[in-house]
Amino acid sequence: MENFAVYYHDRTKHLPWRYAASPGYLDWETQPYPYRFWEGAPRLELPFPPDPEAPYEYLYLYPKEVKPFGVETVAKFLELALGLSAVKSAGGSTWTVRMNPSSGNLHPTEAYLVIPDLGGLSGVFHYNPYLHALEKLRDLPAPLARALKNHFGTEGFMLVLTAIPWREAWKYGERAFRYCLLDAGHAVGSVRFSANLQGWKATYLNALSDDDLETILGFDKVSFPPGEEELPELALWVYPNSVSEVPKDLPPELVEAFRNLPFYGRPNLLSPERRIWSLVYEAFKRLKKPKTPPRKFVYENKPLKFLVEPAIKRAAEVIRRRRSGHAYDPRAAVSEEAFLQILDRTLPRNFASPFDAEVSPAYANLVVFVHRVVGLPPGLYLFVRNRELLPLLRGRLRPEFLWEEVREDLFLLAEGDLTREAGYLSCMQDIAADAAFALAVLSLFGPVVERAPWEYRNLHYEAGLIGQALYLEATALGLKGTGIGCFYDDLTHQLLGLAEVEPPLGGNLLETHLSVDRTFQVLYHFAVGKAFEDPRLKTLPPYSHLRR
């Protein structure tokens, strides 16, 4: 029987003459509502305390001051992690922008808090970013709350991320599963950066199964409208950075203690009608995370590089000002120091945010299209995040590549102007050609999913987390980033020597001939550069609807 992770990944690849199955148009009548409300659930409105004064460096380095866990600190943590960052207006339309980015601004990711005790506050809550409020779904009996706290041995709370696949499938069809996973990776990064400003850490509880999370949240008691099901993705424990480690599991008896707790509320309806993309739901089902032994990931832990002064000095302002670039100046270059510092922020470190969340081993390396970086010749490069994979990469990629290590961890593969190729491979999008540089996240794939198909999810979580690190560092340095989920998978692999693609002859688009080495696969594209500002767009402060 074919590995489902491989089957799904191959089926949802794009080619210029055959895109993955999708609606092909935007049905505005059925566009999903971007906010989950739990109707009938008790609601706690959260305050808006001032932003932390932490400098830019504390996006990554652990602050010495650890803020106490309370309603105000958790409110600020949630606002900077998953809240609204701005309201945009143009041509009579208005829409919100959030701290955490999302494919097409569709936001499939929801967040839930399991709070043992927070100044008398206890229970299972949904965070509603539109209202900046907690909706209480379950009470926690005092013995269960104490048992949770005792198990982790520290103050803190559990944060669970879920996905509503319909929000992505409405636009992207069968490829939506990928985007849900990438968005969850971005959300992990957003959560981790925000936690750091409070002096907190967030660690992935990698032993828990999807069924465990469903039991904890109470979703086994919920009847979602058909096609609007909400599914668990992952859980993090948020705790003081003065604590070195926490358990990454929960004893079965603790999980079971949630099973019979009452559940309050019912999910709001998101669309009047839905089209069921069965492959997306089959992917969530077939690639469910099982219960596994806890795992500890140890990274190379190279020192952080601070080569240039940030343009934005305060960490919270960096988070608030993150936006996707929609058009880049094709003449603008970035300095070598800025380029290297941005790449450096993608290196996994156990002692620094965000990769200390440990969502996966370091499976991903970065293929970089350098267009305009002062001091480096244009060309194709590889930035190595895990040197243990270097021999395998050398053996699999094109034999004619140069493999010249021009800077630490940065290898020149081929010199030349690749702006056209970069734009073409990113579904013919100018942003990848006009940016100062673009990149493709190239992950170890075949050996991972053959051993554990459900780790397909973690590969994408890591790619999304890399994207969030790129977004924030680019923003801090006065640049913009853009995550690119649409790309020609196997044509990118062909450029690297991992595939041979023969276009179809005649009109039968199914007769494409492929030969693919799946040892490594590209999971995400990204662009960084100097973006043009759209004069038609007005930016308004968030949450004015609450003040009104």
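Our subject is the structure listed above.
The paragraphs below set out a description of the structure included in this document. Not measured: the values here are computed from a predicted model.

Rules used throughout
Residues numbered from 1 in each chain as written. Predicted model: local features only at pLDDT ≥ 70, side-chain atom pairs only at ≥ 80, totals over all residues. Heavy atoms only, no water. Pairing = 2+ DSSP bridges. Helix = DSSP H or I, 4+ residues; strand = E, 2+ residues; numbered from the N terminus. Axes fitted to C-alpha atoms, helices over the stretch in contact; angles between N-to-C directions. 1 Å grid on protein atoms, 1.4 Å probe; cavity = no way out; pocket = protein on both sides within 12 Å on 5 of 7 lines; lining within 4 Å. Points joined across faces, edges and corners; volume = space filled by probe spheres on them. Nonpolar A, V, L, I, M, F, W, Y, C, P; charged D, E, K, R; others polar. Core = buried A, V, L, I, M, F, W, Y, C linked by side-chain atoms within 4.5 Å. Buried < 20%, exposed > 50% of the residue type's maximum accessible area, 1.4 Å probe, protein only. Disulfide = S-S within 2.5 Å. Phe/Tyr/Trp six-rings, centres within 6.5 Å; stacked < 30°, edge-to-face > 60°. Contact = heavy atoms within 4.5 Å. Left-handed = near helix turned anticlockwise from the far one by under 90°. Polar contact = N/O pair within 3.5 Å; in protein donor to acceptor, adjacent residues only side chain to side chain. Salt bridge = Lys/Arg side-chain N within 4 Å of Asp/Glu carboxyl O.

Focus on the sheet that holds strand 13 (residues 379-383)
Right, on to step 1. The strand order across the open sheet formed by seven strands is 14-15-13-12-16-20-17, and the pairing between neighbours is antiparallel. Each edge of the open sheet carries a strand with a single partner, namely strand 14 (404-407) and strand 17 (480-484). Strand-to-strand twist across the sheet, computed as the mean angle between neighbouring axes with direction ignored, equals 30 degrees.
Right, on to step 2. As paired elements, strand 16 (residues 437-444) and strand 20 (residues 520-529) share eight bridges and run antiparallel to each other.

A few points about the layout of surface pockets
Right, on to step 1. Taken as a whole, the second largest pocket encloses approximately 470 Å³ of empty space.
Right, on to step 2. For the second largest pocket, the lining is made up of 19 residues, of which Q31, T94, W95, T96 and N105 are closest to its centre.
Right, on to step 3. At the level of elements, strand 4 (93-98) and helix 4 (165-172) are the ones that each hand at least two residues to the lining of the second largest pocket.
Right, on to step 4. For the lining of the second largest pocket, the element with the highest residue contribution is strand 4, accounting for five residues.
Right, on to step 5. In terms of residue class, the lining of the second largest pocket is built from ten nonpolar, seven polar and two charged.

Looking at the nonpolar core
Right, on to step 1. Ranked by size, the top nonpolar core spans 158 residues in total, and within it F77, F157, L159, F339 and F437 carry the most contacts.
Right, on to step 2. The dominant element in this core, judged by the number of residues it contributes, is helix 5 (residues 176-197), at 13 residues.
Right, on to step 3. Counting 30 residues, the second-largest nonpolar core is a separate cluster that includes Y112, M158, L217 and A235.

Some words on the state of the cysteines
Right, on to step 1. Tallying each qualifying case throughout the model produces one disulfide.
Right, on to step 2. The partner cysteine of C427 in its disulfide is C486, sulfur to sulfur 2.1 Å. Here the S-S torsion is close to -85 degrees, and the disulfide linking C427 with C486 is therefore left-handed. Of this pair, C427 sits in the loop between helix 12 (419-425) and helix 13 (430-434) while C486 sits in the loop between strand 17 and helix 16 (489-496), and the two are 59 residues apart along the sequence.
Right, on to step 3. Taking the relative accessible area as the measure of exposure, C427 reaches 10% and is therefore buried.
Right, on to step 4. C180 takes part in no disulfide bond, and the closest cysteine sulfur, belonging to C486, lies 16 Å away.

Here we look at the packing of aromatic side chains
Right, on to step 1. All chains considered together, the criterion is met by 32 aromatic pairs.
Right, on to step 2. Pairing Y471 with F526 gives two aromatic rings, centres 5.0 Å apart and planes at 80 degrees, and the pair type is edge-to-face. With Y471 in helix 15 (residues 456-476) and F526 in strand 20, this pair connects stretches of sequence that are 55 residues apart.
Right, on to step 3. Taking the relative accessible area as the measure of exposure, Y471 reaches 3% and is therefore buried.
Right, on to step 4. Every member of this aromatic cluster is reached through a ring pair, and the members are Y8, F177, F284, F445 and Y456.

Focus: the sheet that holds strand 6 (residues 121-128)
Right, on to step 1. Strands sit in the order 2-7-6-5-8-10-9 across an open sheet of seven strands; the sheet is antiparallel. Both outer strands of the open sheet, strand 2 (43-45) and strand 9 (200-204), are each paired with one neighbouring strand and no more. Strand after strand, the sheet turns through a mean of 30 degrees between neighbouring axes, direction not considered.
Right, on to step 2. Pairing analysis gives six bridges linking strand 5 (residues 109-118) to strand 8 (residues 157-163), with the strands arranged antiparallel. Residue pairing for strand 8: T109 is matched across the bridge by A163.
Right, on to step 3. Helix-sheet contacts for helix 6 (residues 210-217) involve strand 5, strand 6, strand 7 (133-138), strand 8 and strand 10 (231-240), and the interaxial angle to strand 10 is about 75 degrees.

With respect to the packing of helix 2 (residues 71-82) against helix 5
Two quantities define a packed helix pair, namely the angle between the helix axes and the distance between the axes.
Right, on to step 1. Relative to each other, helix 2 and helix 5 sit at 140 degrees, their axes nearing to 8 Å. Between helix 2 and helix 5 lies a crossing of right-handed hand. In contact with K76, F77, L80, A81 and L82 of helix 2, helix 5 contributes A187, S190, V191, S194, A195 and L197.

A look at the pairing of strand 16
Right, on to step 1. Most of strand 16 sits inside the fold, with eight of its eight residues counted as buried.
Right, on to step 2. Residues F437, L439, V441 and S443 line one face of strand 16 and the alternating positions A438, A440, L442 and L444 line the opposite face, and both faces are buried.
Right, on to step 3. Relative to strand 16, strand 12 (residues 364-370) runs antiparallel, the two sharing seven bridges. Across the sheet, the residue bridging to V370 is F437, located in strand 16.

Things to note about the side chain of E336
Right, on to step 1. Here E336 shows up in helix 10 (residues 336-344).
Right, on to step 2. Assessed through its relative accessible area of 16%, E336 is described here as buried.
Right, on to step 3. At 2.6 Å, the side chain of E336 forms a polar contact with the side chain of R407.
Right, on to step 4. The contact partners of E336, leaving out residues within four places of it in the chain, are V373, V374, G375 and R407.

Notes on the pattern of salt bridges
Any two side chains of opposite charge can pair if their charged atoms end up close together.
Right, on to step 1. This structure, assessed with the given rule, holds 47 salt bridges.
Right, on to step 2. Residues R274 and E228 are paired through a salt bridge, measuring 2.9 Å at the closest nitrogen-oxygen approach. In this pair, R274 sits in the loop between strand 11 (266-267) and helix 8 (278-286) while E228 sits in the loop between helix 6 and strand 10, placing the two residues 46 residues apart along the sequence.
Right, on to step 3. On the basis of relative accessible area, R274 is assigned to the partly exposed category, the value being 25%.
Right, on to step 4. Salt bridges here are not isolated pairs; linked through shared partners, they connect E300, K302, K305, R387, E405, E408 and D409.

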